Amino acid sequence: MKRMTLRVPFEGFVDAVRRNLSTHDAYVYKDNTRIIVSAGQGDKRMVVISAAHMPEDDVRAKLHEEGLHVYSGIWSIADDLELLEMPYLGAVSYRASRDKTALWIDAYPTQPTEVQVLQDMYEEFKENQEIDDVGFDTFEQSAQASVLVLTPEQVESFFTAKRLKGL
């Protein structure tokens, strides 16, 4: 029997645990941008998971007020790795032609430098034969590139702002 994962908004987490599991235990895990809350039951092969966008102490207090025992940790859920890690994003605005500006974006597991992002773009363009055989310095000058690195916290704050606006 395959494990089932029920993903719910934080506001519905306690009710989902009560409806689907016979446990009073919840696990809290803080990643770069949010608090992941999970509850599981091995014999049911089910996990309830949610993300909270508030301070960890508030999450713990809310769960405890609702009658759950709160522990540090997270149920291991193979298909939920994207909930645990938000990437760093490297973005490059560059001159694609005389009349056109373009944008190149890549994701990174650790924070890259601006130079690393630009070098990755250069290597990808060379690999895809999108540029002539020019050196990195020449490429950097002709591309007129502007590089931006976004942290997971920044990515999450943009996403949260959109969600709050109902977009």
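Strands sit in the order β1-β4-β3-β2-β5 across an open sheet of five strands; the sheet is mixed. With one partner strand each, in any of the chains shown, β1 (4-7) and β5 (69-72) form the two edges of the open sheet. Here the strands of the sheet are splayed against their neighbours by 25 degrees on average, with no regard to which way each runs. The pairing of strand β3 (residues 35-41) with strand β4 (residues 46-52) spans seven bridges and is classified as antiparallel. When the bridges of β4 are listed, glutamine 41 appears paired with methionine 46. Docked against the sheet, helix α1 (residues 13-20) engages β1, β2 (25-30), β3 and β4, running at close to 175 degrees with respect to β4.

Moving on, we come to the packing of aromatic side chains. Here the structure, examined in full by the defined rule, presents five aromatic pairs. Here the aromatic rings of tyrosine 122 and phenylalanine 136 are separated by 5.4 Å at their centres, their planes lie at 80 degrees, and the arrangement is edge-to-face. Of this pair, tyrosine 122 sits in helix α4 (residues 114-127) while phenylalanine 136 is found in helix α5 (residues 136-143), placing the two residues 14 residues apart along the sequence. Across this residue pair, the class does not change: tyrosine 122 and phenylalanine 136 are buried. Ring geometry for phenylalanine 125 against phenylalanine 139: centres 6.2 Å apart, planes inclined by 85 degrees, an arrangement best described as edge-to-face. Taken together, the residues span a long stretch of sequence, with phenylalanine 125 in helix α4 and phenylalanine 139 in helix α5 at a distance of 14 residues. Through pairs of rings, three or more aromatic residues link up here, namely Tyr94, Tyr122, Phe125, Phe136 and Phe139.

Let us now look at a negative patch on the surface. Taken together, the side chains of Glu123, Glu124, Glu127 and Glu130 present a region of like negative charge at the surface. With a relative accessible area of 32%, glutamate 124 lands in the partly exposed category.

In this section: the pattern of salt bridges. Scanning the model with the defined rule gives three salt bridges in all. Arginine 60 serves as the salt-bridge partner of glutamate 56, at 3.1 Å between the closest nitrogen and oxygen. With a gap of four residues between them, glutamate 56 and arginine 60 both fall in helix α2 (residues 56-65), about one helical turn apart. Look at glutamate 56 and you get partly exposed, because its relative accessible area is 26%. The partly exposed category is assigned to arginine 60, whose relative accessible area is 21%. Here lysine 62 makes a salt bridge to glutamate 66, at a shortest N to O gap of 3.4 Å. Given the relative accessible area of 36%, lysine 62 is considered partly exposed. With a relative accessible area of 28%, glutamate 66 lands in the partly exposed category. Sharing partners across several salt bridges, the network here consists of Arg18, Lys62 and Glu66.

Reading the values: rules and limits
Residues numbered from 1 in each chain as written. Predicted model: local features only at pLDDT ≥ 70, side-chain atom pairs only at ≥ 80, totals over all residues. Heavy atoms only, no water. Pairing = 2+ DSSP bridges. Helix = DSSP H or I, 4+ residues; strand = E, 2+ residues; numbered from the N terminus. Axes fitted to C-alpha atoms, helices over the stretch in contact; angles between N-to-C directions. Contact = heavy atoms within 4.5 Å. Phe/Tyr/Trp six-rings, centres within 6.5 Å; stacked < 30°, edge-to-face > 60°. Buried < 20%, exposed > 50% of the residue type's maximum accessible area, 1.4 Å probe, protein only. Patch = residues over 30% accessible without salt bridge, like charges linked within 9 Å, V, L, I, M, F, W, Y side chains within 5 Å. Areas by Shrake-Rupley, 256 points an atom, 1.4 Å probe, with all protein chains shown as cover. Salt bridge = Lys/Arg side-chain N within 4 Å of Asp/Glu carboxyl O. Lys, Arg positive; Asp, Glu negative; His and termini not counted. Charge placed at Lys NZ, Arg CZ, Asp CG, Glu CD.

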